[in-house]
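# Results of the structural survey
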Amino acid sequence: MSAPMWCKPAVLAPAFLILVIAGFWAPWYLQGKVPVPADQQTWMLPWADEYPPIEKPVQWQAWWWDGVAQFYPWRAKLGRELAAGRIPLWNEQQFCGYPFAGNGQSAIFYPPNWLYAMIPSRVCLVLSALLHHILAALLTFAFLRILGINAVSATFGGMTYALGGPMIGLVPLPTMTNAAAWLPGCLLGVEMISRRRRGSARTGAVVCGGCAGMAVLSGHLQIAAYVLLATLVYAAARWLHALLHGKGRGLSWLLVAGLTAGLLASVQLLPGLELAQLSPRGGAQADPGLFGFHKRFALQPAELITFVFPDALGHPARSDYPLFSYGERAGFAGISALLLAVMGLALSRRWWRWAFFLMAVLVLWAAMAGPPALLVFRLVPGVGLAGGFVRLLFLYTFGLAVLASLGLDALQSRLTNCRPDLARFAPVAAVAVLVVLSAELTGWGWMTIPRAPGDRLYPDTALIHRLQEEAAPGERLLAVTPRHQWTLLQRPRALMPPNSASAYPGLESIQGYDSLYPRASLTLAGLIENGATPSPEANGNMILLENTQSPLLRLAGVRRVLTEASSASGDDVVNGVRITPRADTLPRAFVTRLPVEDKRRGTRMLTRLAMSQPSERVRITSLEPGALAAETPALPPGRRLVITNTAYPGWRAWQDGRALPVHSVGGVFQALKLDSGAAGRVFLAYWPGTVLAGLFLHLVGAGTIAGLLAFEYFRRRDVHLTEPGIG
């Protein structure tokens, strides 16, 4: 009598993977913890005044801090807007507004992120990490199974990749792990195409194209580019191998997979490429000297010992790690995995073991800024302007996972074939190895991933409540943190660091923090700082303003300036923060007689406009993210309506239903040349052509996938019905 379906290895193995990963994340979702260093906030104002700082917070890691400073505020913003029934194409809460859709790491089109609209953001941080680790494990398991690895060994490989190296070290930076989780799915699709079985190539194109598209939509274009590069190399290797054996088919389905991936990703790629061109990095070429910068932060030979003993050089949890990016440099995936990978090379006879060995070696070499990194630096556009090559290490971990599963599979086969009397112990020994690996990775992962109290992540304070209650529509705030205090190796003494406003509804800030933001925002910040660099030396992606006397703050709508209070006596101080109101701030929209669209005057016009008084005021009737409606009085000829939103393509305007061109004021703010005559209504909305075109192409890609799946389903049903004895 055959065993029940649920007792078969093909079912038990994935269930075991899910159980192990769910158990791994239990301390977070059962104790209300978050996998970002939220405890660092309790050392910053205004939170430090109401929430006692944790005595031993995790060591300051500048890259991990991005999980608090960037990803959580963006996810909270996305969840709020989706819950309100809006697609947040524009984020008005940073940089005087900027394209949220163009910022790839906001990942507003990535379906798993839509959970933030239904689940509290702090809970969803953990749930998203859990789901992507399960996804990485199951896709790796499926890939190894199609390669002919037995179920237990494939489980070992899935666990090695999902709970080892960067997949753990980069958890506070969710877009990186989310993109890396789709790698095995891309390779699985390529392998299905190369099998040349009836229907397999069609399904493989769907799997490969879908996973590649999701890797791009997940938000981190650098990691997604590495995923696509690895997929392309693997596809080329499989196709050439088949061609040499006279079976070189499947190229057309590989092209279909690539086309499908591009169509799915276009809704994120098109606005992202537009923002990249209009950002301070736009048009910049990687200076050859920039490779020296990458080399300084590359993996050093001495750090290879951490791939065996992860705490050999120290650990952030013990506050004795000497560098600043432990998570990026994490290459530990279990000593048992390393030993089995060596056995896989020695015992297996499968030709492709050398391909994954070569991948692991080349990736390590590239992470150390060796010749492979220099080759990529020179040949791939934009890589020199992205993060360091240590981010390639997830490919090393994947190669190690494949080799380790191959080693365990070969070891089981040898034991079964050479010692039949011990064959019955082979499954028991394999399960024991799984338990050993689980213990290794779980212990290291629990120590590595931040486990901070969820209530320390952007909690409410008296200052936050007051700012929200007193905030008028369209006004912005400026929280002053001296730039010299922001460093890589020491926790900064900060006051509401950039992007904090996005974590709270109703707040808007003139500052911000992102790797891509409009060049207009940098122009405005430079003018406010009188030509000084508005970014701290340690982080060029951050704008911190210190000049609270600039007249341009009036134009930008800054109504409150927040500074750290030296004493509470005689001042308007809340939570240790002094609130300085500005009474002369201009409204979000006002009418002026100045010819603001005159490009010859450039930035001089901004200063003139900031010092002038509105000729007529307008009544703003509606102000939402990416939209503004106003009523204008009867106007004499030559009047312009100035809107202090960041000037950026994609904004459209109408006056009483008639379309108007949107001009810019000094390349920084928006302006409309209004028709003279009777009072009227003006409406502006951000709905860029790049998003419209990308959405159309995305739907075409989704329709292609649906059509291929439907065709395969009906083909298989027809085959089943025409078999002898059926129908």
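Let us look at the structure shown here.

Rules and cut-offs
Here, residues in each chain are numbered from 1, in the same order as that chain's written sequence. Local features in a predicted model are, by the rule used here, given only for residues with pLDDT of at least 70; side-chain atom pairs are given and counted only at 80 or more, and totals for whole chains, interfaces and linings are based on all residues. Values reported for side chains reflect all heavy atoms of the structure, with hydrogen atoms and water molecules removed beforehand. Secondary structure elements are taken from DSSP: a helix is a run of H or I of four residues or more, a strand is a run of E of two residues or more, and numbering for both begins at the N terminus. Two things to know: the radius of gyration comes from C-alpha atoms, and the globule rule equals 2.2 Å times the number of residues to the power 0.38. Throughout, a contact is declared for two residues whenever any of their heavy atoms are within 4.5 Å. Calculation of accessible area relied on Shrake-Rupley with a 1.4 Å probe; when residues are assessed, cover is drawn exclusively from the protein chains displayed. Think of it this way: Lys and Arg go in the positive column, Asp and Glu in the negative one, and His and the chain ends go nowhere. Charge positions come from single atoms, namely NZ of Lys, CZ of Arg, CG of Asp or CD of Glu. Using a 1.4 Å probe on the protein chains alone, a residue whose accessible area is under 20% of its type maximum counts as buried, one over 50% counts as exposed, and one in between counts as partly exposed. By definition here, a salt bridge exists when the distance from a side-chain nitrogen of Lys or Arg to a carboxyl oxygen of Asp or Glu is within 4 Å. With a 1 Å grid laid over protein atoms only, a set of points is called a cavity when a 1.4 Å probe fits there but cannot get out and a pocket when it is open yet has protein on both sides within 12 Å along at least five of seven lines; lining residues have an atom within 4 Å of a point. Grid points are joined across faces, edges and corners, and a volume is the space filled by probe spheres set on the points. Classification used: nonpolar for Ala, Val, Leu, Ile, Met, Phe, Trp, Tyr, Cys and Pro, charged for Asp, Glu, Lys and Arg, polar for all others including Gly. The disulfide definition used here is simple: a pair of cysteine sulfur atoms within 2.5 Å. Between the N-to-C directions of two axes lies an angle of 0 to 180 degrees, each axis being a line fitted to C-alpha atoms and, for a helix, fitted only over the stretch in contact. Comment on the angle field: the value is read as roughly parallel under 35 degrees, roughly antiparallel over 145, roughly perpendicular from 65 to 115, and oblique elsewhere. Helix crossings are classified by the rotation of the near helix relative to the far one: an anticlockwise turn of less than a right angle makes the crossing left-handed, while a clockwise turn makes it right-handed. Exposure above 30% relative accessible area and the lack of any salt bridge qualify a residue for a patch; like charges then connect within 9 Å, and the nonpolar side chains Val, Leu, Ile, Met, Phe, Trp and Tyr within 5 Å. At least two DSSP bridges between two strands are needed for those strands to be called paired. The criterion for an aromatic pair is that two Phe, Tyr or Trp rings (for Trp, the six-membered ring) have centres within 6.5 Å, with stacked assigned to planes under 30 degrees apart, edge-to-face to planes over 60 apart and tilted to the rest. Each helix should span, by expectation, one fewer than its residue count multiplied by 1.5 Å.

### Considering the overall build of the protein
- The helix and strand inventory of the protein stands at 23 helices and 20 strands.
- Computed over its C-alpha atoms, the radius of gyration of the protein comes to 28 Å, within 12% of the 27 Å expected for a compact globule of 727 residues.
- Taken over the C-alpha atoms alone, the protein extends approximately 95 × 60 × 50 Å along its principal axes.
- Looking at the protein alone, contacts between residues at least 24 apart form 76% of all its contacts between residues at least 6 apart.
- As displayed, the protein offers around 29,300 Å² of accessible surface, 64% of which is attributable to carbon and sulfur atoms.
- A distance of 9 Å separates the average location of the 61 positive side-chain charges in the protein from that of its 41 negative side-chain charges.

### Description of the environment of Ala26
- You can see Ala26 is positioned in helix 2 (residues 26–31).
- Judged by its relative accessible area of 17%, Ala26 falls in the buried class.
- Linking Ala26 and Leu131, residues 105 residues apart in sequence, is a C-alpha distance of 13 Å.

### Comments concerning the pattern of salt bridges
- Summed over all chains, the structure comprises 24 salt bridges.
- In this structure, the salt-bridge partner of Arg554 is Asp584, at a minimum N-O distance of 3.7 Å. In this pair, Arg554 is assigned in helix 21 (residues 552–555) and Asp584 in the loop between strand 10 (577–581) and strand 11 (589–592), connecting sequence segments 30 residues apart.
- When its relative accessible area of 7% is taken as the criterion, Arg554 is described as buried.
- Its salt-bridge partner being Arg658, residue Asp675 comes within 2.5 Å of it at the nearest N-O pair. Of this pair, Asp675 sits in the loop between strand 19 (669–673) and strand 20 (680–686) while Arg658 is found in strand 17 (residues 658–660), placing the two residues 17 residues apart along the sequence.
- Via salt bridges that share partners, Arg466, Glu470, Glu475, Arg559, Arg560 and Asp572 belong to a single interconnected network.

### Some details on the layout of surface pockets
- The computed volume of the second largest pocket comes to approximately 710 Å³.
- Sorting the residues of the lining of the second largest pocket by element identifies helix 11 (221–244), helix 15 (353–367) and helix 16 (371–379) as the ones contributing at least two each.
- Ranked by residues supplied to the lining of the second largest pocket, first place goes to helix 15 with 8 residues.
- Counted by class, the lining of the second largest pocket contains 25 nonpolar, no polar and 1 charged residues.

### Describing the state of the cysteines
- Inspection of every chain in the model, using the stated rule, returns 0 disulfides.
- The thiol of Cys208 is unpaired, and the distance to the nearest cysteine sulfur, on Cys186, comes to 5.4 Å.
- By relative accessible area, Cys208 is classed as buried at 7%.

### Some remarks on unusual backbone geometry
- Cis peptide bonds are those with omega within 30 degrees of zero, and the linkage from Leu45 to Pro46 qualifies with 5°.
- Within the secondary structure, Pro46 is located in the loop between strand 1 (33–34) and helix 3 (47–50).
- Positive phi values are uncommon outside glycine, yet Tyr458 reaches one of about 50°.
- Summarising the element assignment, Tyr458 is placed in the loop between strand 4 (452–453) and helix 19 (462–470).
- Despite not being glycine, Asn575 has its phi angle at roughly 55°, a positive value.
- Mapped onto the secondary structure, Asn575 falls in the loop between strand 9 (573–574) and strand 10.

### Re empty space enclosed by the protein
- With the rule as written, the count across this model stands at 8 cavities of 30 Å³ or more.
- Leu125, Ala129, Val171, Pro174 and Thr177 are, among the 16 residues lining the largest cavity, the residues nearest its centre.
- Sorting the residues of the lining of the largest cavity by element identifies helix 4 (62–83), helix 5 (121–146) and helix 8 (174–180) as the ones contributing at least two each.
- Examining the composition of the lining of the largest cavity, we find that 5 residues originate from one element, helix 5, more than from any other.

### Some details on the packing of helix 9 (residues 183–194) against helix 11
- Relative orientation of the contacting elements helix 9 and helix 11 amounts to 20°, with a least axis distance of 9 Å. With respect to each other, helix 9 and helix 11 are oriented roughly parallel. Every pair of crossing elements has a handedness; the one defined by helix 9 and helix 11 is right-handed. Mapping the contact onto sequence places Leu183, Cys186, Leu187, Val190, Glu191 and Ser194 in helix 9 and Val227, Ala230, Thr231, Tyr234, Ala235 and Arg238 in helix 11.

### Section: a nonpolar patch on the surface
- Taken together, the side chains of Ile305, Phe309, Leu313, Ile335 and Leu339 define a hydrophobic patch exposed on the protein surface, amounting to about 430 Å² of accessible area.
- Considering the arrangement of structural elements, one finds Leu339 in helix 14 (residues 335–347).
- Residue class for Leu339 comes out exposed when judged on its relative accessible area of 53%.

### Let's talk about the sheet that holds strand 13 (residues 619–624)
- Read from one edge to the other, the open sheet built from 5 strands follows the order 13-14-20-16-17, with strand pairing classed as antiparallel. Both edges of this open sheet fall to strand 13 and strand 17, since each of them pairs with a single strand only. With direction set aside, neighbouring strand axes in the sheet form an average angle of 20°.
- Bridge count for strand 13 against strand 14 (residues 627–632) is 5 bridges, and the pairing is antiparallel.

### Side note on the packing of aromatic side chains
- Applying the stated criterion to the full structure yields 29 aromatic pairs.
- Ring geometry for Trp60 versus Trp486: centroids 6.2 Å apart, planes at 80°, classification edge-to-face. Pair noted here: Trp60 is in the loop between helix 3 and helix 4 and Trp486 is in the loop between strand 5 (476–479) and strand 6 (512–513), with a separation of 426 residues, a long-range link.
- With relative accessibility at 6%, the residue Trp60 sits in the buried group.
- By relative accessible area, which is 5% here, Trp486 ends up buried.
- When the ring of Phe143 is compared with that of Phe398, the centres are 5.9 Å apart and the planes differ by 35°; the resulting orientation is tilted.

### Some remarks on helix 9
- Taking 1.5 Å of rise per residue, the 12 residues of helix 9 would be expected to cover 16 Å, and the 17 Å separating its terminal C-alpha atoms lies within 8% of that figure.
- The element helix 9 is largely enclosed, with a buried count of 12 among its 12 residues.

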